[in-house]
Amino acid sequence: MERRALLTAGIALAAFSVHQAARAAAGRRALVIVNQRGAFDGIGALVPHADPDYYALRPTIAVARPNAAGGAIDLDGFFGLHPSLAPLKSLWDAREMAVVHATGLPSADRSHFNAQALTEQGRDAGGHEGGGWAGRLLEATGGIGVRPLRGISISTALDEVLTGSGASAAISDSRNFTLTTRFGDPWQQALHDLHADLGDIAAAGRGVLEIIELLRTAKPYDLPVDNGAVYDNDQLGYGLMQAAQYIKADVGLEVFAVNVGGWDLHASQATLYPPLLGGFARNLAAFRQDLGARFADVTLVTMSEFGRCVAENASGGTDHGHGNAMLVMGGAVNGGRVYARWPHLSTEHQDAGGDLAITTDYRDVIGDIVAARFDADPAAIFPGHAYRAVGLMR
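Attention shifts here to the overall build of the protein. Along the backbone of the protein there are 13 helices and 12 strands. Within the protein, the fraction of its 394 residues that count as buried is 58%. Partitioning the intrachain contacts of the protein with sequence separation of at least 6 by distance along the chain shows that 74% fall at a separation of at least 24. As displayed, the protein has an accessible area near 15400 Å², and 54% of this comes from carbon and sulfur atoms.

Right, here's the structure in full:
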């Protein structure tokens, strides 16, 4: 078993039973958080091709207008998908995907580390909310008493967004979350008996052992990829494939954090961005295809610590910015729409530092999801923030 994952789970988890996990799965709701580490260029991916300043500010890296060679895939006459995001067009057409543009956290911070902490904790600079917003969600919607495992980082360490919950763990590979000894099953039973009368330590220890037993019994890792879906052999593809396996296995997991890096493109963006976007789109489309009818139970949201500057730099890239774009996908999404109070790209409308101004707080995007899918009060998830509904969910 991975040592860090064992320690994380051992500290974080109370004991739970397979029966309780199955009961938790009965609602079949699942939220998948895709963290785009490095600062996603929302302007370059969800292209404002009808904004008159877009092409002037990005003379070498702008995506051509729709109907031109290599042009954007028009969505609504103003915005379009980068052509490398073409695998997502079918979700848009089926109204299973929406775009939220000019969004982000109002507290501007160009440090990757600081901004990731702020967005995952769901707080403004100087706020003191404890843990991550998804951790608070799990705590706010959990029952009393013994708790099942409900949140997972598909990673070697627990993502900040899931911290603060006693029902979260980091498991990078469900197949390897096990105890391997030369003594076999009798040793595992002996460990279980050893933790029978050790108080709080016993609860944590039994929790780890019962996670191991749950995964050994359910075997999510043996479930095939369905419906002809094909994931890329990379971090995001493997993470989304495992999330789909857990969902199909009905093991009681409700919140997943998956990471994908590589977005910090300060140079050569015209060359480097298309393959990065292409893999991103293929994996998201594969996840939808893999789940089939189960996609109706799932909401997937993409988020990044901040966006990129409006204007390209001298190296043909984009520097750290502020406003950004998010994708929201799922069976309950009011899709086929771009949600944006567009601030425009001209200099007088830019945020300080030459950034896309934020007109929709990203916490309102998450607030729509948790209210509709978890029947949770956004004020409990984002204390101190005045929630303003976006209208994303049915």
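Still more to cover.
A word on the pattern of salt bridges. Applying the stated criterion across every chain, the model contains 16 salt bridges. For K89, the salt bridge goes to D93, with nearest N and O atoms at 2.7 Å. Note that K89 and D93 are positioned in helix α5 (residues 89-93) at a spacing of 4 residues, about one turn of the helix. Here D93 falls in the exposed class, since its relative accessible area comes to 51%. Through salt bridges with shared partners, one network takes in R29, R150 and E254.

Mapping N259 onto the fold places it in strand β8 (residues 255-260). A residue is classified by how much of its surface remains accessible, and N259, at 10% relative accessible area, is buried. Within the structure, the side chain of N259 is placed 3.1 Å from the side chain of D159, a separation counted as a polar contact. If near-sequence neighbours (up to four positions away) are discounted, N259 is found in contact with N35, R37, S155, D159, Q235 and L236.

What follows is about the pairing of strand β9 (residues 298-304). Among the 7 residues in β9, 7 count as buried, and that is most of the element. Burial of β9 is two-sided: the residues V298, L300, T302 and S304 facing one way and the residues T299, V301 and M303 facing the other way are all buried. With 7 bridges joining them, strand β1 (residues 30-36) and β9 adopt parallel strand pairing. Within the sheet, the bridge partner assigned to Q36 lies in β9 and is S304. Where β9 lies against strand β10 (residues 324-330), 3 bridges are found, and the strand directions are antiparallel. Bridge pairing in β10 places L300 opposite M329.

So, about the pairing of β8. Each regular strand shows side chains that alternate between the opposite faces of the sheet. Of all 6 residues in β8, 6 are buried; the element is thus mostly enclosed. With burial as the criterion, each face of β8 is covered, one bearing V255, A257 and N259 and the other bearing F256, V258 and V260. Where strand β6 (residues 151-153) meets β8, 3 bridges bridge the pair, whose relative direction is parallel. Bridged to S153 within β8 is A257.

Core analysis: the largest hydrophobic core is formed by 64 residues, its most contacted members being L240, F256 and F287. Leaving out residues up to four positions away in the same chain, F287 has contacts with V32, Y231, L240, A243, A244, I247, F295, V298 and L300. Counting residues in hydrophobic clusters, the runner-up holds 32 residues, among them V100, V255, I366 and I381.

A few words on the side chain of Q121. With respect to the helices and strands, the residue Q121 is situated in helix α6 (residues 112-121). Residue classification places Q121 among the buried positions, given a relative accessible area of 12%. Polar contacts involving the side chain of Q121 include one to the side chain of R123, which spans 2.3 Å. Beyond its immediate stretch of four places on either side in the chain, Q121 contacts G131, G132, W133, R136 and E160.

As a further point, take helix α10 (residues 235-249). Compared with the 21 Å implied by 1.5 Å per residue over 15 residues, the 21 Å span of α10 between its first and last C-alpha is a close match. Looking at the residues trailing α10, positive phi occurs at D250, about 55°.

Right, let's get into the packing of aromatic side chains. Enumeration over the complete set of coordinates arrives at 11 aromatic pairs. Geometrically, the ring pair formed by F78 and F79 is edge-to-face, given 4.8 Å between the ring centres and 65° between the ring planes.

To continue, consider helix α11 (residues 269-291). Spanning 23 residues, α11 covers 33 Å between terminal C-alpha atoms, matching the ideal 33 Å at 1.5 Å per step. Looking at the residues trailing α11, positive phi occurs at G292, about 55°.

Spatially, 3 strands are ordered β2-β4-β3 in an open sheet, and the strand pairing comes out antiparallel. Two strands in the sheet have a free side with no partner beyond their single neighbour: β2 (46-47) and β3 (73-74). Bridge count between β3 and strand β4 (residues 80-81): 2 bridges; the pairing is antiparallel. Paired with D74 across the strands is G80, a residue of β4.

Helix-helix packing is characterised by the crossing angle of the two axes and by the distance between the axes. Packing of α10 against α11 brings their axes to within 9 Å, and their N-to-C directions diverge by 15°. Classed by the angle they form, the pair α10 and α11 counts as roughly parallel. In this structure, α10 crosses over α11, and the sense of that crossing is right-handed. Packed against α10, whose contacting residues are L236, G237, L240, A243, A244, I247 and K248, the element α11 presents F280, N283, L284, F287, D290 and L291 at the interface. The residue makeup of the contact of α10 with α11, split by class, is 9 nonpolar, 2 polar and 2 charged.

Right, let's talk about the environment of R123 for a bit. Residue placement: R123 occurs in the loop between α6 and α7 (133-141). For the pair formed by R123 and G384, sequence separation is 261 residues and the distance between their alpha carbons is 8.4 Å.

So, how was this worked out
- Residues numbered from 1 in each chain as written.
- Predicted model: local features only at pLDDT ≥ 70, side-chain atom pairs only at ≥ 80, totals over all residues.
- Heavy atoms only, no water.
- Helix = DSSP H or I, 4+ residues; strand = E, 2+ residues; numbered from the N terminus.
- Buried < 20%, exposed > 50% of the residue type's maximum accessible area, 1.4 Å probe, protein only.
- Contact = heavy atoms within 4.5 Å.
- Areas by Shrake-Rupley, 256 points an atom, 1.4 Å probe, with all protein chains shown as cover.
- Salt bridge = Lys/Arg side-chain N within 4 Å of Asp/Glu carboxyl O.
- Polar contact = N/O pair within 3.5 Å; in protein donor to acceptor, adjacent residues only side chain to side chain.
- Pairing = 2+ DSSP bridges.
- Core = buried A, V, L, I, M, F, W, Y, C linked by side-chain atoms within 4.5 Å.
- Expected span 1.5 Å × (residues − 1).
- Phe/Tyr/Trp six-rings, centres within 6.5 Å; stacked < 30°, edge-to-face > 60°.
- Axes fitted to C-alpha atoms, helices over the stretch in contact; angles between N-to-C directions.
- Parallel < 35°, antiparallel > 145°, perpendicular 65-115°, else oblique.
- Left-handed = near helix turned anticlockwise from the far one by under 90°.
- Nonpolar A, V, L, I, M, F, W, Y, C, P; charged D, E, K, R; others polar.

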